[in-house]
Amino acid sequence: TRTQKGVSGLWLVPASGGEARPLLVDEFNHGEPSFLPGDEFIAFSSNRSGPFNMWAIHIESGRLSAMTFGGGSDQHPSVSADGLIVYSQFGHQTDLFVLSLDSGESERLTAYTLDNFVGRFSPDGRKIAYHSTRTGNPEIWILDLESRQDVILSADPAEDLLPDWSPDGKELAFLSNREGAMSLWVARADGSGKVEQLSEQEIPIPSAVWGVSLSVRWTPDGKSIGYVRPSAGGASLWQIDRESGAVEQLRAGVLRFDWYLDRNRIVYTRLHEGELELRAANLTTGEDRLLYAGAHTEMIVAPDGSAVALVKSNSHFDQQLFLLRLERPLTADGLPLSLIHI
């Protein structure tokens, strides 16, 4: 495989050395070539039909034959001596599960195509709000855990994502680009009333998929909403007043966060000297404490402050759910301590 101007093509070169010649070079990407028995055909992966599928090319004539026709991603062919081909098929579907901390048993909640992200329990624990791309673009859905009925909250051509419940369970804050730039919005959880844009401040995200790493969180008193806003200078924690819409930057260098017991304390993720850290901080006193150092992604704090659920992750393909137990502070404005190291 040789890549030129961002496009990969297939080339042939004598095993003994010499001049290389193009075998298949066009506007599509072709890679991972493997000779079929008899050396007349080469199997390879290509996106010439849209998704990556397995193809074969006749070396002498250049005739092409499609070998797989899936809508996912078929790659990494390996050919056996008798002509069998083993390959990998990658299809991205993300579903929601609920896990019992007592029994350790998990239950699958969604089984839809594409992605279902960022499940958030309602304050009474009876419903889960999340965003799903099953309709073709991210929409906010609410799942009733008793009836298992799914109701769409935001049937809009725009992208709506990252929902979070108000403490009284009556409203949901979320991000949407229905007015152009991605910004913060609020809707009634029962679907009544008008969806309200809280601020025109842009909250840039690279995509709906990678947007799950950001945070949108109501303050425990329900008066404000905290959110992480990426910028050229780095991600920062911001806050918007629910009634007035006034915005305020609270802390720089925050990649993800959740409130800890009140609006003055947070648990947050930062990048320090190339390593991710999970820390606790008091926004009023400035006290700051390390809870865990190591690669992790999404995290959320237990409402009673006894633990942090987080995903340990060294790569996109190696993610595991962990619970970090916390010792509650002895003072009203103190910070928690880690009880275990993970």
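Residues numbered from 1 in each chain as written. Predicted model: local features only at pLDDT ≥ 70, side-chain atom pairs only at ≥ 80, totals over all residues. Heavy atoms only, no water.

Undergrad: In this structure, what is going on with the overall build of the protein? I would like to understand it.
TA: Helix and strand counts for the protein stand at zero helices and 31 strands. Expressed as a percentage of the 342 residues in the protein, the buried residues total 40%. For the protein, long-range pairs separated by at least 24 residues make up 29% of all intrachain contacts whose partners lie at least 6 apart in sequence. Accessible surface for the protein amounts to roughly 17,800 Å². Of this, 50% is attributable to carbon and sulfur atoms. In the protein, 29 positive and 46 negative side-chain charges are present, and the distance between their average locations comes to 3 Å. (Helix = DSSP H or I, 4+ residues; strand = E, 2+ residues; numbered from the N terminus. Buried < 20%, exposed > 50% of the residue type's maximum accessible area, 1.4 Å probe, protein only. Contact = heavy atoms within 4.5 Å. Areas by Shrake-Rupley, 256 points an atom, 1.4 Å probe, with all protein chains shown as cover. Lys, Arg positive; Asp, Glu negative; His and termini not counted. Charge placed at Lys NZ, Arg CZ, Asp CG, Glu CD.)

Undergrad: I'm lost on unusual backbone geometry in this one. Help?
TA: With the exception of glycine, the majority of residues adopt a negative phi angle, and the majority of peptide bonds are in the trans configuration. If you check the backbone angles, Lys-5 has positive phi at about 55° while not being a glycine. In this structure, Lys-5 sits in the loop between strand E1 (2–4) and strand E2 (7–12). Relative accessible area serves as the criterion here: at 87%, Lys-5 is assigned to the exposed category. With phi around 70°, Leu-261 is a residue other than glycine that occupies positive phi space. On the secondary structure map, Leu-261 appears in the loop between strand E24 (256–260) and strand E25 (262–272).

Undergrad: Just to check I follow, could you spell out the side chain of Ser-45 for this structure?
TA: As for its position among the elements, Ser-45 is in strand E5 (residues 41–46). Leaving out residues up to four positions away in the same chain, Ser-45 has contacts with Asn-29, His-30, Gly-31, Glu-32, Phe-52, Asn-53, Met-54, Asp-74 and Gln-75.

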